[in-house]
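Chain and residue survey
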Amino acid sequence: MMIRFAAVVAVSLLTLAACDQRKETAPAAAAPSPEAPAPQPVAADVLTADGLGPARIGMTRADLVKAWGDDAQPAAVGGPDPETCDIFHPAKAPQGVLVMIQDGVLTRITLARGATIKTDRGFGLGDTALAIKQAYGGAVFAQPHKYQAAPAEDLFAWSTGGSTAYVTDPAARGVRYEIGEDGKVAMIHAGDPSIQLVEGCS
């Protein structure tokens, strides 16, 4: 009886030792990897290549009207063929903001006279071409202005799909700074390849 009891005790001790050994050799749980920083949200009053506040490039006119209201001046001249292309100031849009609707879709947002909105790089009307070139570096390229003499020019900063040639990819997004003869920003256009249009809808 004593021998049997001793054997049971010995087996129990060996089992406990094996458990302790497994605890010591078990791999430590991997430390949780640090999460990638979340992208910083863009303020509602900042113009980007993708839009401004609730107005997003690629949305339908109906959705734009829900967000910003319809044309504040329906009797004013917009595009030559409003069904195909129309340019107007939505009733609830910030001052000086114009939108371009092509075939029922928002393709461009323009900051015109009176606009106080800035781009996501911090530029607005009245800023200098020199400051923009310094800020963007090689990511901006210049083209001569179609109607005004130098130093008037157009500065393009494409965020996706751009090039130094004429861009036709509908997925391309960018910002065009229209520089006047005084070397300062006169207008800013953001959106798809329609930002290249210099005569309204053409």
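Shown above is the structure to which this text applies.
Throughout what follows, the structure given in this document is the object of discussion. (Residues numbered from 1 in each chain as written. Predicted model: local features only at pLDDT ≥ 70, side-chain atom pairs only at ≥ 80, totals over all residues. Heavy atoms only, no water.)

1. Points about the overall build of the protein chain
Counting its secondary structure elements, the protein chain contains three helices and 11 strands. Tracing the protein chain from N to C terminus, the helices and strands come up as α-β-β-β-α-β-β-β-β-α-β-β-β-β. Sorting the 202 residues of the protein chain into buried and exposed places 36% on the buried side. For the protein chain, contacts bridging at least 24 residues in sequence account for 47% of all contacts bridging at least 6. Total accessible area on the protein chain is roughly 12000 Å²; 60% of this is exposed by carbon and sulfur atoms. (Helix = DSSP H or I, 4+ residues; strand = E, 2+ residues; numbered from the N terminus. Buried < 20%, exposed > 50% of the residue type's maximum accessible area, 1.4 Å probe, protein only. Contact = heavy atoms within 4.5 Å. Areas by Shrake-Rupley, 256 points an atom, 1.4 Å probe, with all protein chains shown as cover.)

2. Observations regarding the nonpolar core
In terms of nonpolar packing, the biggest core is built from 31 residues, with L64, L106 and Y177 touching the most fellow members. Mapped by element, the contributors of at least two residues to this core are α2 (61-68), β5 (97-102), β6 (105-111), α3 (129-136), β9 (153-160), β10 (173-179) and β11 (185-191). If we ignore the near neighbours within four places in the chain, the residues touching L106 are A55, R56, I57, G58, M59, L64, V99, M100 and I101. If you look at the next biggest cluster of nonpolar residues, it comprises six residues, including F156, V167, A172 and I195. (Core = buried A, V, L, I, M, F, W, Y, C linked by side-chain atoms within 4.5 Å.)

3. What about the layout of surface pockets?
Of the volumes computed, that of the second largest pocket is approximately 210 Å³. As for the second largest pocket, its lining consists of 16 residues, and the residues nearest its centre are E178, M187, H189, V198 and G200. When the residues that make up the lining of the second largest pocket are grouped by side-chain class, the tally is six nonpolar, four polar and six charged. (1 Å grid on protein atoms, 1.4 Å probe; cavity = no way out; pocket = protein on both sides within 12 Å on 5 of 7 lines; lining within 4 Å. Points joined across faces, edges and corners; volume = space filled by probe spheres on them. Nonpolar A, V, L, I, M, F, W, Y, C, P; charged D, E, K, R; others polar.)

4. Focus: the state of the cysteines
Scanning the entire structure with this criterion turns up one disulfide. Two residues share a disulfide in this structure: C85 and C201, whose sulfurs sit 2.0 Å from each other. Between C85 and C201 the disulfide shows an S-S torsion of about -80°. By sign, it is left-handed. With a gap of 116 residues between them, C85 in strand β4 (residues 85-88) and C201 in the segment after β11 connect regions that are remote in the sequence. Considered together, C85 and C201 belong to a single accessibility category, that of buried residues. (Disulfide = S-S within 2.5 Å.)

5. Points about the sheet that holds strand β8 (residues 141-144)
The strand order across the open sheet built from seven strands is β4-β5-β6-β11-β10-β9-β8, with neighbouring strands paired in antiparallel fashion. Because the sheet does not close on itself, it has two edges, and the strands there are β4 and β8. Mean inter-strand twist for the sheet, computed between neighbouring axes without regard to direction, equals 20°. Both β9 and β10 contribute to a ladder of seven bridges, which runs antiparallel. Bridging across to β10, T160 finds its partner in R173. Contacting β4, β5 and β6, α2 crosses the sheet at an angle of about 160° to β5. (Pairing = 2+ DSSP bridges. Axes fitted to C-alpha atoms, helices over the stretch in contact; angles between N-to-C directions.)

6. Here's the deal with α3
For α3, every residue scored as buried is listed here: A129, I132 and Y136. Angular distribution of buried residues about the axis of α3 spans 60°; they occupy a single face of the element. Exposed and oriented more than 90 degrees from the buried face of α3 are L130 and Q134. Residues of α3 that are buried in the fold lie against β9, β10 and β11. Once α3 finishes, G137 follows within two positions and takes phi at roughly 60°, a positive value. (Arc of directions from axis to C-beta.)

The quantities given are spatial measurements derived from coordinates; they are silent on function.
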